[in-house]
Amino acid sequence: MSNQEILDKLRDTIVTQDIAGCAAATQEALDAGISAFDAINDGLSVGMKIVGEKFEEAVIFLPQIMMSAKAMNAAMELLTPLLAEEKPGEGVGTAITFVQEGDIHDIGHRLVSTMLGANGFKIVDLGVDVSNDKILDEVVKLKGQKMVLVGSALMTTSMLGQKDTVEMLKEEGLRDAVKIMFGGAPVSQGWIDEIGADATAENAADASRVALELMS
């Protein structure tokens, strides 16, 4: 089986919510010499993107998303220790990742945090339902370092909080201290421009690319 076929198999285990199959396909990828980074980037992330699109089109629903996330977690248990060894771009900066206040959808958030870590970012994961005060505390603590805020929101209501985050940092005189990226289903480039953030990304793999560009 070619590497591409193995990666396609990995992708499909995410799409079909095959938890045991995902772990097995991950091990198969590693045995074939595929790096942990490529397994995530070219296999698992592709699967999660398809799952996200199906969810947006109401082809699948939250229970299926949760099962796909469990399959992803089974793979990440094998891959996370290896990512620490691979570290392709170590020391690029700190990524403060969070899900906006009022939102607890963390699948995309976890995936983005993992991908950023795989790209050499130091991750400060604030978790879900995160208040602006908590975000501010972290930015103040890390002032002077290269950092990017990476927030996600799956609902339009929680997306509105992203505007408040940018405004708060402006009011505190910290807007120039940090790059700001937001993502999630309702987030568009138009919204990013409107609220004065720096960037958005289509998916987790894209998020790491965009974040690296912001840091350079």
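Anyway, here's the lowdown on the structure attached to this text. Keep in mind the model is a prediction, meaning the values are calculated, not measured.

It is worth spelling out the overall build of the protein at this point. A count of helices and strands for the protein gives 9 helices and 4 strands. Along its sequence from the N terminus, the protein presents helices and strands in the succession α-α-α-α-β-α-β-α-β-α-β-α-α. The C-alpha atoms of the protein give 17 Å as radius of gyration, which agrees with the globular expectation for 216 residues (17 Å, within 12%). Its C-alpha atoms put the protein at 55 × 40 × 25 Å along the principal axes. Looking at the protein residue by residue over its 216 residues, the buried ones come to 48%. Of the contacts made within the protein by residues no fewer than 6 positions apart, 74% connect residues no fewer than 24 positions apart. In the structure as shown, the protein presents an accessible area of about 10000 Å², 52% of it carried by carbon and sulfur atoms.

This part is about the sheet that holds strand β3 (residues 147–152). If you walk across this open sheet you meet the 4 strands as β2-β1-β3-β4, and the pairing is parallel. Of all strands in the sheet, those with a lone pairing partner are β2 (121–130) and β4 (179–183), marking the two edges. Each strand axis lies, on average, 20° off the axis of its neighbour in the sheet, ignoring direction. Where strand β1 (residues 93–100) meets β3, 6 bridges bridge the pair, whose relative direction is parallel.

Looking now at helix α2 (residues 19–31). A rise of 1.5 Å per residue sets the reference length of α2, with its 13 residues, at 18 Å; its end C-alpha atoms lie 19 Å apart and thus fit the reference within 8%. Those residues of α2 not exposed but buried are Gly21, Cys22, Ala25, Thr26 and Ala29. Down the axis of α2, the sector holding all buried residues measures 140°, keeping them to one side. Opposite the packed face of α2, turned more than 90 degrees from it, sit the exposed residues Ala20 and Asp31. Among the residues of α2, the N-terminal cap falls to Asp18, whose side-chain oxygen and the backbone nitrogen of Gly21 are separated by 2.8 Å. Two residues or fewer after α2 comes Gly33, characterised by a positive phi angle close to 90°.

What follows concerns the pattern of salt bridges. Taken as a whole and assessed by the stated rule, the structure comprises 8 salt bridges. Of the charged contacts in the structure, one is a salt bridge between Arg11 and Asp8, with a shortest N-O distance of 3.4 Å. Within this pair, Arg11 and its partner Asp8 are both found in helix α1 (residues 3–15), separated by 3 residues, close to a single helical turn. A relative accessible area of 23% means that Arg11 is categorised as partly exposed. The exposure class assigned to Asp8 is partly exposed, which follows from its relative accessible area of 24%. Between Asp12 and Arg11 there is a salt bridge whose closest N-O contact spans 2.9 Å. Through salt bridges that share partners, Asp8, Arg11 and Asp12 make up one connected network.

Summarising the element assignment, Met66 is placed in helix α4 (residues 62–86). Considering only alpha carbons, one finds Met66 and Gln17, 49 residues apart in sequence, at a separation of 8.6 Å.

Reading the values: rules and limits
- Residues numbered from 1 in each chain as written.
- Predicted model: local features only at pLDDT ≥ 70, side-chain atom pairs only at ≥ 80, totals over all residues.
- Heavy atoms only, no water.
- Helix = DSSP H or I, 4+ residues; strand = E, 2+ residues; numbered from the N terminus.
- Rg over C-alpha atoms; globule rule 2.2 N^0.38 Å.
- Buried < 20%, exposed > 50% of the residue type's maximum accessible area, 1.4 Å probe, protein only.
- Contact = heavy atoms within 4.5 Å.
- Areas by Shrake-Rupley, 256 points an atom, 1.4 Å probe, with all protein chains shown as cover.
- Pairing = 2+ DSSP bridges.
- Axes fitted to C-alpha atoms, helices over the stretch in contact; angles between N-to-C directions.
- Expected span 1.5 Å × (residues − 1).
- Arc of directions from axis to C-beta.
- Polar contact = N/O pair within 3.5 Å; in protein donor to acceptor, adjacent residues only side chain to side chain.
- Salt bridge = Lys/Arg side-chain N within 4 Å of Asp/Glu carboxyl O.

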